[in-house]
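Architecture and fold: a report
Chain residues, written in single-letter form:
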Amino acid sequence: MHAFLTGGSSVAVKEKAAAADPPSSSKSQKSKDGKIKIVPWVEKYRPKTVEDVAHQEEVVAVLKKSLAGSDLPNLLFYGPPGTGKTSTILAAARQLFGPELYRERVLELNASDERGINVIREKVKKFAQLTAGRARPDGKPCPPFKIIILDEADSMTKDAQSALRRTMERETKTTRFCLICNYVSRIIEPITSRCAKFRFKPLDDEILSSRLKAICEGEGVEIDDKAVATVLKSSEGDMRKAIMFLQSASRLCGKDSAVSGDIILDIAGVVPEDRLEQLVSTCSSDSYEDLDEAIRGIIMDGFAASQILSQLHDNIVVNENLSDKQKSIICEKMAEVDKSLMDGADEYLQLMALFSTVMNQICHGN
Amino acid sequence: MSLWVDKYRPASLAKLDYHKDQAAHLKKLVEGGDFPHLLVYGPSGAGKKTRIMCTLRELYGPGVEKLRIEQSHFTTPSNKKLEISTISSNYHIEVNPSDVGHNDRVVIQELIKNVAQVNQLDTSTQKNFKVVVLTEVDRLSKEAQHALRRTMEKYMATCRLILCCNSTSKVIPAIRSRCLGLRVAAPTIDEICQILTTVCKKEGLTIPREMAEKVAEKSGRNLRRALLMCEACRVQQYPFNPERDVSEPDWEIYLRETATLIAQQQSPKRLLEVRGRLYELLTHCIPPDVIMKGLLKELLQVCDGQMKAEVVQNAAYYEHRLQQGQKAIYHLEAFVAKFMAIYKRFLEEGIADIF
């Protein structure tokens, strides 16, 4: 029954793919092999091996040694989103254990799983206590330990983290932990001191653009250099974001037309440069009514206050008409507004407060 | 008889009145067969929900319009029972997780897992994924948003999310980077006028141009509000009289009177009076941030230049405290008192200058 159902579905997928795509594109060929056709590019182009991981030399060196047979410390990966933290450890685990053993040797827990103190005490402990053999079923050697991946560890409670401490030490014989987080400061000190810490750097533009181009080639997407530059700028070193933008844009444009910079800006929700310029020049008019109207307009157009804030920051820092002191006053207000926005304050009021400060500095601040 | 808002809601992407480029993009997206998670954002009354429903219809056909309301039950780890109502069709399920307050995380985890673990039986006639529509994502707690992160990736094969919110400021970057963001800007005054005219035509009425413009102005670029106002005008008087004022909600008038009271006199006695009026507004379920914004708008009209900036700063400050605090009345009253103090000082300085 099950085989029948899956068989039926794959035929259906094939038919649909054949109907939807012209046969020339690479995607439809893929689905003719009977593979699932909907794979986000982010998953499809995840590094398969540790060597594929871009730009993070230290980690790669350590993991390579461990692949060659030496021991692995407990790991703590931290860094901004989209730099390859999860990808790295998943690729390493896959290489270490191979596809058969992977399921029994790796326990992956993330914020979407229940992760209170009880889970640490029971599930993690139980898993950690199992001993692991030295060989794979196919006879190849493999390291005699298991890996517990705690993804998004900074959203774990303090209690749950403290419950980890002793478990980590006691089970070193059989288990390695890999904690992944964005902010290392949210991990308690006793845990960080038990791990080898690796910082994942934001990817630089060259690597990003070369990867993006490779993906474009693989998927048959037309894109010009200017659009690539736009993707790089709006993704801020976040590989996942960049790939998401690229895929979304190519979907929106359809198969035939080239991806343009405008569409990428639209997807990224970036406020157009001239719009922002206009806002800043409104500030120098010293007319409160104009400002009020401009801000209402920009909010009505659905731009997010946080986005306006970050773009305004870029603008203010390089603004030549303002003195250093004025800039610092504005930036301080920005910090305050950002915090208020995070707490859920009203966007209109906060933006008004910020821009009236800017206006005050531009017009009366000397 | 249904309201005009519901009656003339466009049902398919082709029939949308504005943002046609976006509609075309959405259509291409659906045709591609591959569908990402969506994050739809924009001010209220801009047509986010309409666009979502149109997209769903484009995906699954008219079957999505057969809706049923269900009560779902969840149990938190601490054995507390939660109940939340969901609206679902055979292909999608819509839920507003912030209804259950800080337990929203449980709802998200359980609900998405439930939906995602069920495969569509017959994939030849349907898409092989279901859609979960989450509304008011910006009101989700941080834990719930974190819970979404990995869930979104894990169940990609069987389940797509459409998130709907007013602003992306309160959505964590990790979620934003996993979704295709769709900005739905509010319709412009012109667009609203046009829609009002066509709707009236379909109803067999004629609406003068000035009248449509007036309604559109008053609605604050909120299409839903514009249509409701227009219908209310129709009930009050037909044929439309452009001379006549468009009737406003009475709480707005009440709020304006309150602002006038504040501006007239600054004394503890007046503050007490204002408190009574603020309570009156709050007990009628006017959201405190709306009251704050309304007051600010009215009060600013009596201030000039430099003072405006100061008042705005204070409004922002007290509104922020209001969001963090428990009882709205303290913060509203603090703002009123602060305004009185600023205004009084300003007046006294003015008098001192004269002598």
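Residues numbered from 1 in each chain as written. Chains lettered and ligands numbered in written order. Predicted model: local features only at pLDDT ≥ 70, side-chain atom pairs only at ≥ 80, totals over all residues. Heavy atoms only, no water.

Moving on to the overall build of chain A. Along its length, chain A carries 17 helices and five strands. In chain A, buried positions account for 52% of the 366 residues. The long-range share in chain A, meaning contacts at least 24 apart out of those at least 6 apart in sequence, stands at 74%. Summing over all exposed atoms, chain A offers an accessible surface of approximately 17400 Å²; the carbon and sulfur share of this is 52%. (Helix = DSSP H or I, 4+ residues; strand = E, 2+ residues; numbered from the N terminus. Buried < 20%, exposed > 50% of the residue type's maximum accessible area, 1.4 Å probe, protein only. Contact = heavy atoms within 4.5 Å. Areas by Shrake-Rupley, 256 points an atom, 1.4 Å probe, with all protein chains shown as cover.)

What follows concerns the domain arrangement of chain B. According to the domain assignment, chain B contains domain 1 (4–183), domain 2 (189–236) and domain 3 (250–354). Distance between the C-alpha centres of domain 2 of chain B and domain 3 of chain B: 32 Å. (Domains from an automatic or database assignment.)

Residues and elements named next belong to chain A. Position of Y102 among the secondary structure elements: in helix α5 (residues 85–105). Judged by its relative accessible area of 14%, Y102 is buried. Each C-alpha atom, one on Y102 and one on I147, is 9.6 Å from the other, the two residues being 45 residues apart in sequence.

Taken as a whole and assessed by the stated rule, the structure comprises six aromatic pairs over all chains. Their ring planes at 70° and their centres at 6.0 Å tell us that F77 of chain A and F198 of chain A sit as a pair that is edge-to-face. Of this pair, F77 of chain A sits in strand β1 (residues 75–78) while F198 of chain A sits in strand β5 (residues 196–199), and the two are 121 residues apart along the sequence. The class for F198 of chain A is buried, based on a relative accessible area of 11%. Note on Y317 of chain B and Y318 of chain B: the rings are 5.1 Å apart at their centroids and 75° apart in plane angle, and the pair reads as edge-to-face. Judged by relative accessible area, Y318 of chain B falls into the buried class, the value being 15%. Note that R160 of chain B overlies the ring of F129 of chain B, its terminal NZ or CZ placed 4.4 Å from the centroid. The ring of Y254 of chain B carries the charged tip of R277 of chain B above its face, separated from the ring centre by 4.2 Å. (Phe/Tyr/Trp six-rings, centres within 6.5 Å; stacked < 30°, edge-to-face > 60°. Lys NZ or Arg CZ within 6 Å of the ring centre and 35° of its normal.)

Residue and element names in this part refer to chain B. Inspection of the entire model under this criterion finds zero disulfides over all chains. Free of any disulfide, C179 has its nearest cysteine sulfur in C165, 9.3 Å distant. C179 gets classed as buried once you look at its relative accessible area, which sits at 4%. (Disulfide = S-S within 2.5 Å.)

Turning next to the pairing of strand β3 (residues 81–88) of chain B. All names here are of chain B. Here β3 shows a clear split, with L82, I84, T86 and S88 buried on one side and none of K81, E83, S85 and I87 buried on the other. Here strand β2 (residues 68–75) pairs with β3 via eight bridges, running antiparallel. Counterpart to E70 in the pairing with β3 is T86. Summarising the sheet, β3 and strand β4 (residues 92–95) pair through two bridges and their orientation is antiparallel. (Pairing = 2+ DSSP bridges.)

Right, let's get into the environment of P80 of chain A. Residue and element names in this part refer to chain A. Assignment of secondary structure puts P80 in the loop between β1 and α5. With a relative accessible area of 30%, P80 lands in the partly exposed category. Once the C-alpha coordinates of P80 and K48 are considered, the two residues, 32 residues apart in sequence, prove to be 21 Å apart. Leaving out residues up to four positions away in the same chain, P80 has contacts with K85, N182, F200 and P202.

Residue and element names in this part refer to chain A. Overall, the coordinates contain 31 salt bridges over all chains when judged by the stated rule. Between E169 and R194 there is a salt bridge, with its nearest N and O atoms 3.2 Å apart. Here the residue E169 occupies a position in helix α7 (residues 158–170), and R194 occupies one in the loop between α8 (189–192) and β5, the gap between them amounting to 25 residues. Residue class for E169 comes out partly exposed when judged on its relative accessible area of 37%. Residue R275 is joined to D301 by a salt bridge in which the shortest nitrogen-to-oxygen separation is 2.9 Å. Residue R275 is located in helix α13 (residues 273–283), and its partner D301 is located in the loop between α14 (288–300) and α15 (305–317); the two are separated by 26 residues in the primary sequence. Classification of R275 by relative accessible area gives partly exposed; the value is 24%. Relative accessible area serves as the criterion here: at 15%, D301 is assigned to the buried category. One salt-bridge network, in which partners are shared between bridges, spans E57, E58 and K201. (Salt bridge = Lys/Arg side-chain N within 4 Å of Asp/Glu carboxyl O.)

We now examine the packing of helix α16 (residues 324–342) of chain A against helix α17 (residues 347–364) of chain A. All names here are of chain A. Between α16 and α17, whose axes approach to 10 Å, the crossing angle comes to 175°. If you check the angle between α16 and α17, you find them roughly antiparallel. On the side of α16, the interface is formed by Q326, I329, I330, K333, M334, V337, S340 and L341, while α17 contributes E347, Q350, A353, L354, T357, V358 and Q361. Its residues assigned to classes, the contact of α16 with α17 comprises eight nonpolar, five polar and two charged. (Axes fitted to C-alpha atoms, helices over the stretch in contact; angles between N-to-C directions. Parallel < 35°, antiparallel > 145°, perpendicular 65-115°, else oblique. Nonpolar A, V, L, I, M, F, W, Y, C, P; charged D, E, K, R; others polar.)

Here we take up a negative patch on the surface. Residues and elements named next belong to chain A. Taken together, the side chains of E273, D274, E277 and D314 make up a negatively charged region of the molecular surface. Residue contributions to the negative patch peak at three residues, all from α13. Along the chain, the position of D274 falls in helix α13. (Patch = residues over 30% accessible without salt bridge, like charges linked within 9 Å, V, L, I, M, F, W, Y side chains within 5 Å. Lys, Arg positive; Asp, Glu negative; His and termini not counted. Charge placed at Lys NZ, Arg CZ, Asp CG, Glu CD.)

So, about the confidence of the model for chain B. Residue and element names in this part refer to chain B. With 97% of its residues at a pLDDT of 70 or more, chain B has an overall mean of 85. By mean pLDDT, helix α5 (residues 142–154) is the weakest element of chain B at 80, and helix α11 (residues 268–283) is the strongest at 92. Model confidence for the complex is summarised by a pTM of 0.78, with the ipTM given as 0.84. (pLDDT = per-residue confidence, 0-100.)

Once that is clear, we can look at the sheet that holds strand β3 (residues 146–150) of chain A. All names here are of chain A. The strand order across the open sheet built from five strands is β2-β3-β4-β1-β5, with neighbouring strands paired in parallel fashion. The two strands at the open ends of the sheet, each matched to only one other strand, are β2 (106–109) and β5. When the angles between neighbouring strand axes are averaged without regard to direction, this sheet yields 15°. Both β3 and strand β4 (residues 175–181) contribute to a ladder of five bridges, which runs parallel. Looking at the pairing, I149 lines up with C178 of β4.

Now for the interface of chain B and chain A. Across the contact, 64 residues belong to chain B and 66 residues belong to chain A. Interface of chain B and chain A: buried area, both sides summed, is about 5500 Å²; carbon and sulfur atoms make up 51% of it. Our count for the chain B to chain A interface comes out at four salt bridges. Ionic pairing is found between E289 of chain A and K308 of chain B, a salt bridge with its closest N-O pair at 2.6 Å. Joining chain B to chain A, the criterion identifies 18 residue pairs in polar contact (both at pLDDT 80 or more). The element best represented in the side of chain B that touches chain A is helix α13 (residues 305–324) of chain B, accounting for 11 residues. (Buried area = accessible area lost by both parts, 1.4 Å probe. Polar contact = N/O pair within 3.5 Å; in protein donor to acceptor, adjacent residues only side chain to side chain.)

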